[in-house]
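# Descriptive analysis of the structure
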Amino acid sequence: MKKGFYLVMIAQALSSVADNALLIAAIALIADLQGPDWMAPMMKWWFALAYVVLAAFVGAFADAFPKGRVMFITNAIKVGGCLLMFGCQSFGLDSTQQLFLVFCAYTLVGIGAAAYSPAKYGIVTEMLPPELLVKGNSWIEGLTVLSIILGTVLGGVLINPAVSDILLTQPWISPLVQTRTEAAILVIGMVYFLAAACNLLIPRTNVRYPKQQSHPVKLVRDFAGFVKILWRDKIGQISLAVTTLFWGAGATLQFIVIEWGARHLGYRLDQASVLMGVAAVGTVAGSILAGRVPLKRALKVLPVGVVMGFAVMLMPIVREPWAVYCVLLLIGGLSGFFVVPMNALLQHRGHVLLSAGHSIAVQNFNEQLNILLMLALYSLMLWLNLPINAIIVIFGLLVAALMVLFIHWNRLNHRADPQLESTIGQHGHGQALKH
């Protein structure tokens, strides 16, 4: 692995730690302002909406400049959202207006994240050859999930009453903050600044793409074409369907675990955030094991997704801490093992057919669109006062059923074209754009 690849991983990890810690701090802020239960998942909904709305533009932006510079600029946008959330209690607004400002602040972070992602993943395909993509993705996904653990735990620790009391008495921080959430967000802002420093050190890959379109209407039209190209590709469509399902399910599961911890186990928010960390530990382990799967055999892991759906349905029947941790580790391990090869395969086909930036933008568009759908359904079920355990069973059945459908779809594709496997591992980029 090249030295620059490790700098990308460190920058991505720090930025992801801050993103996930800020989510916990934002949920705590909503609770302090006595916002309704459905407001937290809807805040994440607005975060995901930025990916969908900007999908046609961020790929071109990522391919127009060196990706290290793009990562720095977009990380700065995240810092702006963090600062806006930090100051929301200082503008003399009432609680309803403050809740609206929290939404706006986290949406701004989402805009930064939406533009950050094509550069983050795109630079991996520029730095590594196809035969190292699964291994590289194993490192990236493993470290990303590890950063989710650290971020959620950091967010939970920072809002813990004992820790926030200590922070509020520190001479270097007490003049700047008045509440536990302000103290937490200030610390999180410092992590964003560390990520920005790493972004500046990432070397250029010297990969050049054709001059990018700048007209908004033409960008949207071109992007619609890119989406069609990836969905029509018989390998790309399966990996895109699977990763779209996984990220939608993963984002929803974050909130399900928090709600489940509160209603089923009687945990506080800072304690429930640790449960999210436990699941993420399993995902790291699964991601590391998945690094041994060759790119050519990536489609063989599809049945693991079905098992993960059924594993989710174990959550309502466990209460003892050891059993809770085992189930969450199992869910995380299964998800990490099957998503890493699928993600690598999708990035490979996207890079070969399109370009690094545009293919990741297409991937993000589909994944975040599914996050919007699944979070909206989850918020609706909360609004209807469905028991959390019933929601979990519905969720698990949905994941398992869709994975069975994708496996059958993949078999039909291979039956129609027995030579399909030969397209995996090709070199070059932008093949579909040359015709």
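Ranked by size, the top nonpolar core spans 112 residues in total, and within it Trp-260 and Met-315 carry the most contacts. Aside from chain neighbours lying at most four places away, what touches Trp-260 is Leu-265, Leu-275, Met-315, Pro-316, Val-318, Val-324, Leu-328, Ile-388, Asn-389 and Ile-392. Core analysis: the second largest hydrophobic core is formed by 19 residues, Leu-7, Val-8, Leu-128 and Ile-360 among them.

A few words on helix H12 (residues 321-353). Taking 1.5 Å of rise per residue, the 33 residues of H12 would be expected to cover 48 Å, and the 47 Å separating its terminal C-alpha atoms lies within 8% of that figure. Burial analysis of H12 places 26 of its 33 residues in the buried class, the great majority of the element.

For helix H9 (residues 234-263), which comprises 30 residues, the first-to-last C-alpha distance of 43 Å matches the rise-based estimate of 44 Å (1.5 Å per residue) to within 8%. Among the 30 residues of H9, 25 are classified as buried, and the element is accordingly described as predominantly covered.

Our focus in this paragraph is the packing of helix H2 (residues 39-64) against helix H3 (residues 67-86). Look at H2 against H3: their axes get within 7 Å of each other, and the N-to-C directions meet at 130°. Between H2 and H3, the angle falls in the class oblique. On the side of H2, the interface is formed by Phe-61, Ala-62 and Asp-63, while H3 contributes Lys-67, Val-70, Ile-73 and Thr-74. Partitioning the contact of H2 with H3 into residue classes produces four nonpolar, one polar and two charged.

Glancing now at the layout of surface pockets. Rolled over the atoms, a probe sized like a water molecule indicates the empty space that remains. Approximately 330 Å³ is the volume attributed to the largest pocket. What lines the largest pocket is a set of 18 residues, and nearest its centre among them are Ile-27, Asp-37, Ala-40, Ile-258 and Glu-259. At the level of secondary structure, the elements contributing two or more residues to the lining of the largest pocket comprise helix H1 (3-32), H2, H9, helix H10 (269-290) and helix H13 (356-383). Split by residue class, the lining of the largest pocket holds 14 nonpolar, one polar and three charged.

Now for unusual backbone geometry. A positive phi angle, near 60°, is found at Asn-385, a position not held by glycine. Turning to its location among the elements, Asn-385 is positioned in the loop between H13 and helix H14 (388-416).

Turning our attention to a nonpolar patch on the surface. Together, Trp-38, Leu-373, Leu-377, Leu-380, Trp-383 and Leu-384 line one region of the surface with nonpolar side chains, adding up to about 630 Å² of accessible area. According to the relative accessible area criterion, Leu-380 is partly exposed, its value standing at 41%.

On to the packing of aromatic side chains. On inspection of all chains with the given rule, the structure shows seven aromatic pairs. Ring centres of Phe-47 and Tyr-51 lie 6.0 Å apart, and the angle between their planes is 45°; this geometry places the pair in the tilted category. On the criterion of helical spacing, the pair formed by Phe-47 and Tyr-51 is a turn pair, its members being four residues apart in helix H2. With relative accessibility at 6%, the residue Phe-47 sits in the buried group. Aromatic ring contacts, followed pair by pair, group Phe-47, Tyr-51 and Tyr-106 into a single cluster. Taking the ring centre of Tyr-116 as reference, the NZ or CZ of Lys-78 above it sits at 4.4 Å.

Parameters at a glance
Residues numbered from 1 in each chain as written. Predicted model: local features only at pLDDT ≥ 70, side-chain atom pairs only at ≥ 80, totals over all residues. Heavy atoms only, no water. Core = buried A, V, L, I, M, F, W, Y, C linked by side-chain atoms within 4.5 Å. Buried < 20%, exposed > 50% of the residue type's maximum accessible area, 1.4 Å probe, protein only. Contact = heavy atoms within 4.5 Å. Helix = DSSP H or I, 4+ residues; strand = E, 2+ residues; numbered from the N terminus. Expected span 1.5 Å × (residues − 1). Axes fitted to C-alpha atoms, helices over the stretch in contact; angles between N-to-C directions. Parallel < 35°, antiparallel > 145°, perpendicular 65-115°, else oblique. Nonpolar A, V, L, I, M, F, W, Y, C, P; charged D, E, K, R; others polar. 1 Å grid on protein atoms, 1.4 Å probe; cavity = no way out; pocket = protein on both sides within 12 Å on 5 of 7 lines; lining within 4 Å. Points joined across faces, edges and corners; volume = space filled by probe spheres on them. Patch = residues over 30% accessible without salt bridge, like charges linked within 9 Å, V, L, I, M, F, W, Y side chains within 5 Å. Areas by Shrake-Rupley, 256 points an atom, 1.4 Å probe, with all protein chains shown as cover. Salt bridge = Lys/Arg side-chain N within 4 Å of Asp/Glu carboxyl O. Phe/Tyr/Trp six-rings, centres within 6.5 Å; stacked < 30°, edge-to-face > 60°. Lys NZ or Arg CZ within 6 Å of the ring centre and 35° of its normal.

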